[in-house]
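The primary structure of each chain is shown beneath.
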Amino acid sequence: MSNTEMIALLLAGGQGSRLGVLTKNIAKPAVSYGGKYRIIDFSLSNCINSGIETVGVLTQYQPLELNAHIGIGKPWDLDRMNGGVTILSPYMKEEVGEWYKGTANAVYQNIHFVDKISPEYVVILSGDHIYKMDYSLMLKEHKKNKADATISVINVSYDEASRLGIMKTDPDGRIIEFEEKPKVPKSTLASMGIYIFTWEVLREYLVKDNEDPNSDNDFGKNIIPSMLNDGKRMFAYQFEGYWRDVGTIEAFWKSNMELIQRVPIFNLFDPTWKIYTPNPIKPAHYIGPKGVVKTSIVSEGCMIYGTVRNSVIFPGVFVDENTVVEDSIVMTNCKIGANSYINKSILGENAIIGDDVKIGVGEVVENELKPAIYNCGITVVGESSYVPDGAELGKNVVIDNFVTTDDYCSLNVPSGKSVFKGGVCD
Amino acid sequence: MKNAMGIILTGGNKSGMKELSSVRATAAIPVGGKYRAIDFVLSNMVNSGITNIGVLTQYNFRSLMDHLGTGKEWDLDRKNGGLFIFPPYLSDDGSGWYKGTADAMYNNLTYLLRSSQEYVIVSVGNSVCKMNFEKMLDYHIQKGADITIAYRDMSDLYPEDLTLLGILSVDDDQRITDFEEKPLRPKGNLGSMGIYVMKRELLIYLLEECIAHGNYDFVRDVLIKKLDSLKIYGYRFNSYWRSISSIKMYYKCNMELLDPDICCQLFVDGGKIYTKVKDEPPAKYNDEAEVRNSIIADGCIIEGNVENSVLFRGVTVKKGTSIKNCIIMQGTVIEPGSSLEYAVVDKNVLITEGKNLKGDPEWPIIVGRRTVV
C-alpha cells in the first residue's frame, strides 16, 4: 500500500455515556483498558500494523486526555514527515463555528484535510472498540469487488442484533439491505462501524448529506442508506475474531476479565500484531514477601503486598498488606490501604482507598439514581477519589470523580447508593 | 544545567562479568527487570539537565548502540547537542582501537573542542545509582576544585570486593590524599564511583599532556599522577551505589533491588530512570502462580513458583517450576518441572522440562545467551 492510497479517519468524539463516571471527564476512546492501554490504542495500532500511515483523529467530547495520549503519535510510529497522526477538532469557520453534528458531519467538516492528501480510499473507524484487524485485507477485498463502500460485519447473536446496524447480503456479499437497530432482525450480520469508501464517492455523498436539513448527518442512519438506495456497489466484509463494543460498565468489565483467562480469546502477546501505547516510565513491578497474585494481569510500577485475584492491575498501583483485590479493575496509580477487601469493582485512575475498607459487598441492588448504567453488581470509584478508612461500600455503588473524604455522609454506603463531589446528603 | 556536558566511558570489558559480557559491553548489561546499566548514568545526566552527552564505546558495542539509538527515550534526540556515540575508528594519524580511557577521549578531542559547555562530567557507564550531578557541580565550584571525584563509603561490601574498585583517602577538607586503582590490599573503604567533574579546558589539557607522554589511562595516568599538583577533591555520596564489575556484584545488585527502599531511591525519588521501551503487554499470572518478593517485568507469563528473583521482559515460567534467587533475562522460557536456584540466565534461553540448575549465593551459575538446557 503506497502511503497515501488509503488514509484512516478515526471518530473519537463520542462520550460513551453508558460508562458513567468513567467517561465523565474523558472521551470513551481515552478510557483505560487491559492493564496499560486506552481503548483507542487498538484502532491506532491496527492502522499502523495495516500499513496506514496517515490517520486523522476526530475529537469533540472532553478531548484533553485523548490529545495528551496521542500527542504527535510517537508510540504508534505515527510521527511522520508526511502524514502521521493529525488531531481534527471542531473549529470556527468564516461565518459560523459549529460542533460535529454527527459522524458524517464530522468527516464533512474535514473534507479539506482529506482532499489535501487526496487518497483513493478512506477507512472510517470508531475509536470505541476492542479488536485486532488488518484493514489492508479489507481494502484488497474492496478493490477486488470494485466497491464504492465496504462495511466490516461480524456475526452476532439474534438478541444483540436488534441493538446494532444489521446487513442483509446476497451470496456474493453485496449488501442488499441495511437496517439500524431493527426490531425484527433479518440477519445477524452486524456492522462494526468500520467502513472503507472510495473517496470520490463518499465525498459526493457527504456534500449531498450536508445539504439535507432533515439529515442526522450520521453514517449508519443517512450515508449508508442513501448510497444503498442509489444502487451503489456496497459489500460486506466478514470479520472473524474478537470484537467488543465496551460501551457499558458490564461489557467493559467483562472484556477486561477475558484477558486474564488461561488462554485469552483476545491475545495481547502476539508479536506480529503488537498493540502500542505510551509506555509508563516506571520500573518493573514488585510482588512483596507476602504478596499473592493469581489469574491476573499486572503492569509496570506496581507494588503488591497483598492478594490480587482475577483482576486487571494498571501501572503504578499499590496494594498494601492483608488486602484482597478480587474480580476488579484497578486503574493507573491507585493506592489501596491495608486490611481492605475490594470485590468486583472498577477503581478509576489515582483513586485512594484507605485501610480497613470493604468495597463491593452485600446485596445486588440497582443504582437508585442511574439504574440504566450501574445495574450489574459492579461498584465504580471515579478517578482521583478517596474512600476513607473503615468505609464499607455495597454493590452498584458509584463514587463520583474527585470525591474527598468530606463528601461522605456516612462510612457505610449501601448497595445502589451514590456519593457525589460536594457531598449532598439525604 | 546548561554549562556542563557529559561523557560516558563504556569501553572496559570487565573480564569479571564472564559470559554476560562476552556478547555485550558491561554498560549494556540488563539490570532490574527492564533496564541496562547505562540507563542509570544517562538518566542521571538528563535529570540533572545535561543535554550534550558523548558515549565512548569499544567492546561489543552493537547491543549498546541498539539500545541507545538516537537517544529518544532519554529525550536526547536534539537539534543542538543530544546524544553522540563514539566507537573506535581508523584514521591517518594512527588512531584505532582505544588503548585506554584517556586515549578514547583523546581520539574524540574534536567533540570536546566543539562543545561549548564550561564543565564536563565524566562517568563510567556501569554504575547503578541515582545521583544529581547539578549538586556535585555546585560542590565542585564551591570547593574551588580542579577535579572532583565522587566517592562512597563501601563498608557495606566485603573487603575482598573492594579490590575491584578505585580506593581513595581524603583529608578533613575532603581533598583526596591517596588514590589506588584496584588495589590488592585496600587501605580504606572509600570507593571511587568513577564519576569526575572538571572544566572542559582542563580535561582537554590533561588529555593532550597524557597522550604526549605516551600514556593512555585516565585514572592511572592522569588522576593519580596529578594528586599533588592539582586540587582534587572528593564528593561524598551516601545513597545506594553499585558498580557492575563482576558477576558477584551484578548478582548482589539485582538482589538488592528487591528491597523496596533501594528500589524507591533508584526509581522514584529525584527523577525517573529512562530506558528503551519494548511495548510488551502487562505480565500475566495464571492460577498456579506463586510469586513472592520478586520483580516481574511486562510481557511475562507466570504459572510457576518464583521467589526472591528478578524476571525481565517476556519471560515464560511454566507450571510446576521453581525459581529461587535467580535473575532471568528477557525472552527466556522455563518449561514445566524445572527448578533453578542461584542462577543468572541470559536472554532467550530455553530451559527444557525437568532440569535442575543450582548455583551458590556467592557464585551463581551462569547460563549464556540463546542456550538450550
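Further up the page is the structure itself.
Residues numbered from 1 in each chain as written. Chains lettered and ligands numbered in written order. Predicted model: local features only at pLDDT ≥ 70, side-chain atom pairs only at ≥ 80, totals over all residues. Heavy atoms only, no water.

Q: Looking at this model, I keep getting lost on the environment of B:Leu20. Mind explaining?
A: Residues and elements named next belong to chain B. Residue placement: Leu20 occurs in helix H1 (residues 19-22). On the basis of relative accessibility, which here comes to 0%, the residue Leu20 falls in the buried class. Those residues in contact with Leu20 that sit more than four places away from it in its chain are Ile29, Ile247, Tyr250, Met329, Val344, Asp346 and Ile366. (Helix = DSSP H or I, 4+ residues; strand = E, 2+ residues; numbered from the N terminus. Buried < 20%, exposed > 50% of the residue type's maximum accessible area, 1.4 Å probe, protein only. Contact = heavy atoms within 4.5 Å.)

Q: Looking at this structure, how should I read the pairing of strand S4 (residues 52-56) of chain B?
A: Residues and elements named next belong to chain B. Counting buried positions along S4 yields five of five residues, so the element is predominantly enclosed. Side chains of S4 alternate between two faces, with Asn52, Gly54 and Leu56 and Ile53 and Val55 buried alike. As defined by bridge partners, S4 adjoins strand S5 (residues 82-86) across five bridges and the pair is classed as parallel. In the sheet register, Gly54 faces S5, and the bridge partner there is Phe84. (Pairing = 2+ DSSP bridges.)

Q: Honestly, the nonpolar core in this entry has me stumped. Any pointers?
A: Nonpolar side chains in soluble globular proteins generally cluster together in the buried interior. In this structure, A:Val55, A:Phe252 and A:Ile346 are the most contacted members of the largest nonpolar core, which totals 73 residues. Among the elements that make up this core, the one with the highest residue count is helix H1 (residues 40-49) of chain A (five residues). With sequence-adjacent residues up to four places away left out, A:Ile346 is seen in contact with A:Leu22, A:Ile249, A:Phe252, A:Trp253, A:Ile329, A:Met331, A:Ile378, A:Thr379, A:Val380 and A:Val381. A:Ile287, A:Val308, A:Val330 and B:Ile328 belong to the second-largest nonpolar core, a separate cluster that totals 51 residues. (Core = buried A, V, L, I, M, F, W, Y, C linked by side-chain atoms within 4.5 Å.)

Q: Would you mind showing me how to read the packing of helix H7 (residues 199-211) of chain A against helix H8 (residues 219-229) of chain A here?
A: How two helices pack is summed up by the angle between their axes together with the distance between the axes. All names here are of chain A. Interaxial distance between H7 and H8 falls to 10 Å at its minimum, and their mutual angle equals 115 degrees. In this structure, the crossing between H7 and H8 has a hand that is right-handed. Packed against H7, whose contacting residues are Val201, Leu202, Tyr205, Leu206 and Asp209, the element H8 presents Phe219, Asn222, Ile223, Ser226 and Met227 at the interface. Residues belonging to the contact of H7 with H8 are distributed by class as follows: seven nonpolar, two polar and one charged. (Axes fitted to C-alpha atoms, helices over the stretch in contact; angles between N-to-C directions. Left-handed = near helix turned anticlockwise from the far one by under 90°. Nonpolar A, V, L, I, M, F, W, Y, C, P; charged D, E, K, R; others polar.)

Q: In this structure, what is going on with the environment of A:Pro171? I would like to understand it.
A: All names here are of chain A. For Pro171, the location among the structural elements is in the loop between strand S9 (165-169) and strand S10 (175-180). The exposed category is assigned to Pro171, whose relative accessible area is 86%. C-alpha of Pro171 to C-alpha of Lys358: the two residues are 187 residues apart in sequence and 56 Å apart in space.

Q: Before we go on, may I ask you to explain the sheet that holds strand S24 (residues 339-341) of chain B in this structure?
A: What links the strands of a sheet is backbone hydrogen bonding, and the strands pair in either a parallel or an antiparallel sense. Residues and elements named next belong to chain B. The strand order across the open sheet formed by five strands is S15-S18-S21-S24-S27, and the pairing between neighbours is parallel. Each of the sheet's edge strands pairs with one partner strand only, and the pair in question is strand S15 (290-292) and strand S27 (356-358). Taken pair by pair, the neighbouring strands of this sheet meet at an average axis angle of 5 degrees, ignoring direction. Inspection of the sheet shows S24 paired to S27 by three bridges, in the parallel sense. If you follow Glu341 over to S27, its bridge partner there is Lys358.

Q: Quick question: what am I supposed to make of helix H2 (residues 37-47) of chain B here?
A: Since one α-helical turn is 3.6 residues long, residues separated by three or four positions face the same way. Residues and elements named next belong to chain B. Burial runs high along H2: 10 of the 11 residues are buried. Taken as a whole, H2 has its buried residues at Ala37, Ile38, Asp39, Phe40, Val41, Leu42, Ser43, Asn44, Met45 and Val46. In the stretch just after H2, Gly49 is the one whose phi turns positive, near 85 degrees.

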